[in-house]
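# Structural overview for review
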Amino acid sequence: MVEEIIDNIKESISAWLKQAGVETPLVLLERASVSEFGEYSSNVAMRYAKELGRNPLELAGELVVYLGEHPVSGVERVAAVKPGFLNVYLTVAAKVQQLATIRAERSNFGQNTLYKGEKWVVEHTSPNPNKAMHLAHLRINLIGTSIVRLLQASGAEVVADAVYNNRGIAIAKVMYGYLAHMKQAANIPTDIAYWA
């Protein structure tokens, strides 16, 4: 569905450029680097501004008006930004449909062989058995599990490990109490150290 939306946007922009005087326009839409800039972006106004003898930002603005008058299904809005980029924002419905398509048709979506043949050990979470886990533990667990799955999808053999953190003041207090109890039970004088 998204591929169809992109093709329709390219056709609309090409039609406008042909009306403006560009004989064979080449329209490229690229994934936006930052989500604030929409899903796709194009530098078509800057590419043809010199050929048309126009300011790139004004040209981009006119393209936005044209695309507003000739809406493309699945496009929420198009914005012109300095120095002449077009930012394309898709509707929520289009994004949800794309996710549904990926889930239904592409069970191996994102898999690659970048780390094939490598073996990784990822240690994460490390819960303390002496006290309850809290939200921060869950956060670290989710991050660690995500890293493991990304590495596996990239072909790596991954060993996920969690160190049970049973060291610290809580264990020291338990051991001190245990040893004190053992001294009392064995009637060992308190001035003699007992280390069993």
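Everything discussed here concerns the structure shown above.
First, a word on what this report is: a plain description of the structure on this page.

## Structural notes on the pairing of strand S3 (residues 75-81)
- When S3 meets strand S4 (residues 85-90), the two strands line up antiparallel, connected through six bridges. Residue pairing across strands places alanine 79 opposite asparagine 87, the latter belonging to S4.
- Linking S3 back to S4 in an antiparallel pair, the connection comprises three residues, with glycine 84 at a positive phi of about 155°.

## Here we look at the packing of helix H1 (residues 2-20) against helix H2 (residues 44-52)
- Packing of H1 against H2 leaves a shortest axis separation of 12 Å and a crossing angle of 10°. As judged from the angle between their axes, H1 and H2 are roughly parallel. Packed against H1, whose contacting residues are Ile13, Leu17 and Ala20, the element H2 presents Val44, Tyr48 and Leu52 at the interface.
- Class assignment for the residues of the contact of H1 with H2 results in six nonpolar, no polar and no charged.

## Digging into H2
- Every buried residue of H2 is accounted for by Val44, Ala45, Tyr48, Ala49 and Leu52. The buried side chains of H2 occupy one side of the element, clustering within an arc of 135° when seen end-on.
- Those residues of H2 hidden inside the fold are in contact with H1, strand S2 (40-42), helix H3 (56-69) and S4.
- Just beyond H2, the residue with positive phi is glycine 53, at close to 65°.

## Description of the sheet that holds S3
- Spatial ordering of the open sheet is given by S1-S2-S4-S3, a layout of four strands whose pairing is antiparallel. Each end of this open sheet is capped by a strand with a single partner; those strands are strand S1 (30-31) and S3.

## Details of the environment of valine 159
- Within the secondary structure, valine 159 is located in strand S6 (residues 157-161).
- Between the C-alpha atoms of valine 159 and glutamate 123, which are 36 residues apart in sequence, the distance is 8.4 Å.
- Apart from the residues within four sequence positions on either side, valine 159 is in contact with Lys119, Trp120, Val121 and Val122.

## As for the nonpolar core
- Among the nonpolar cores identified, the biggest contains 28 residues, and Ile9, Ile13, Leu17, Val44, Val75, Val88 and Leu90 are the most heavily contacted of them.
- Looking at this core, the elements with two or more residues in it are H1, H2, H3, S3 and S4.
- No other element matches H1, which puts seven residues into this core.
- Not counting residues up to four positions away in its chain, the partners in contact with valine 44 are Ile13, Leu17, Leu26, Val27, Leu63 and Leu86.
- The next biggest cluster of nonpolar side chains, apart from the first, holds five residues, and it includes Val148, Leu151, Ala156 and Val158.

## So, the pattern of salt bridges
- Under the defined criterion, the tally for this structure stands at three salt bridges.
- In this structure, the salt-bridge partner of arginine 54 is glutamate 62, at a minimum N-O distance of 2.0 Å.
- Under the relative-accessibility criterion, arginine 54 is labelled partly exposed at 30%.
- The salt bridge involving lysine 119 is made with glutamate 157; its shortest N-O contact spans 3.8 Å. Taken together, the residues lysine 119 in strand S5 (residues 119-123) and glutamate 157 in strand S6 connect sequence positions 38 residues apart.

## Points about the packing of aromatic side chains
- Here the structure, examined in full by the defined rule, presents one aromatic pair.
- Ring centres 5.3 Å apart and planes at 65° place the aromatic pair tyrosine 115 and tryptophan 120 in the edge-to-face group.
- By relative accessible area, which is 26% here, tyrosine 115 ends up partly exposed.
- What makes tryptophan 120 partly exposed here is its relative accessible area of 30%.
- Lying over the aromatic face of tyrosine 40, arginine 31 brings its terminal NZ or CZ to 5.0 Å of the ring centre.
- Over the aromatic face of tyrosine 89 sits the side chain of arginine 77, whose NZ or CZ is 3.9 Å from the ring centroid.

## What to know about the environment of tyrosine 178
- Topologically, tyrosine 178 is positioned in helix H6 (residues 169-185).
- C-alpha of tyrosine 178 to C-alpha of arginine 139: the two residues are 39 residues apart in sequence and 35 Å apart in space.

The rules we used
For every chain, the first residue of the written sequence is number 1, and numbering continues from 1 along that sequence. Where totals are concerned, whole chains, interfaces and linings use all residues; where local detail is concerned, this predicted model gives features only for residues with pLDDT of at least 70, and gives and counts side-chain atom pairs only at 80 or more. Hydrogens and water are ignored here; the side-chain numbers use all heavy atoms of the structure. Any two strands are treated as partners once DSSP identifies two or more bridges connecting them. Strands here mean DSSP runs of E at least two residues long; helices mean DSSP runs of H or I at least four residues long; both are numbered from the N terminus. Axis lines are fitted to C-alpha atoms, over the contacting stretch for helices. Their N-to-C directions set the angle, which ranges from 0 to 180 degrees. By the definition adopted for this analysis, an angle is roughly parallel if under 35 degrees, roughly antiparallel if over 145, roughly perpendicular if from 65 to 115, and oblique otherwise. We call two residues in contact whenever any of their non-hydrogen atoms come within 4.5 Å of each other. Polar here means any residue outside two lists: the nonpolar Ala, Val, Leu, Ile, Met, Phe, Trp, Tyr, Cys and Pro, and the charged Asp, Glu, Lys and Arg; Gly therefore counts as polar. The classification of residues rests on relative accessible area computed with a 1.4 Å probe and restricted to protein chains. Under 20% of the type maximum is buried, over 50% is exposed, and intermediate values are partly exposed. The directions from the helix axis to the C-beta atoms are what the arc is built from. Here, the term nonpolar core denotes a set of buried Ala, Val, Leu, Ile, Met, Phe, Trp, Tyr and Cys residues that are joined through side-chain atoms within 4.5 Å. The term salt bridge refers to a side-chain nitrogen of Lys or Arg lying within 4 Å of a carboxyl oxygen of Asp or Glu. When two rings of Phe, Tyr or Trp (its six-membered ring) have centres within 6.5 Å they constitute a pair, described as stacked for plane angles under 30 degrees, edge-to-face for angles over 60, and tilted for the intermediate range. When the NZ atom of lysine or the CZ atom of arginine is within 6 Å of a ring's centre and also within 35 degrees of its normal, the charge is said to sit over that ring.

Limitation: the analysis is restricted to geometry and does not speak to function.
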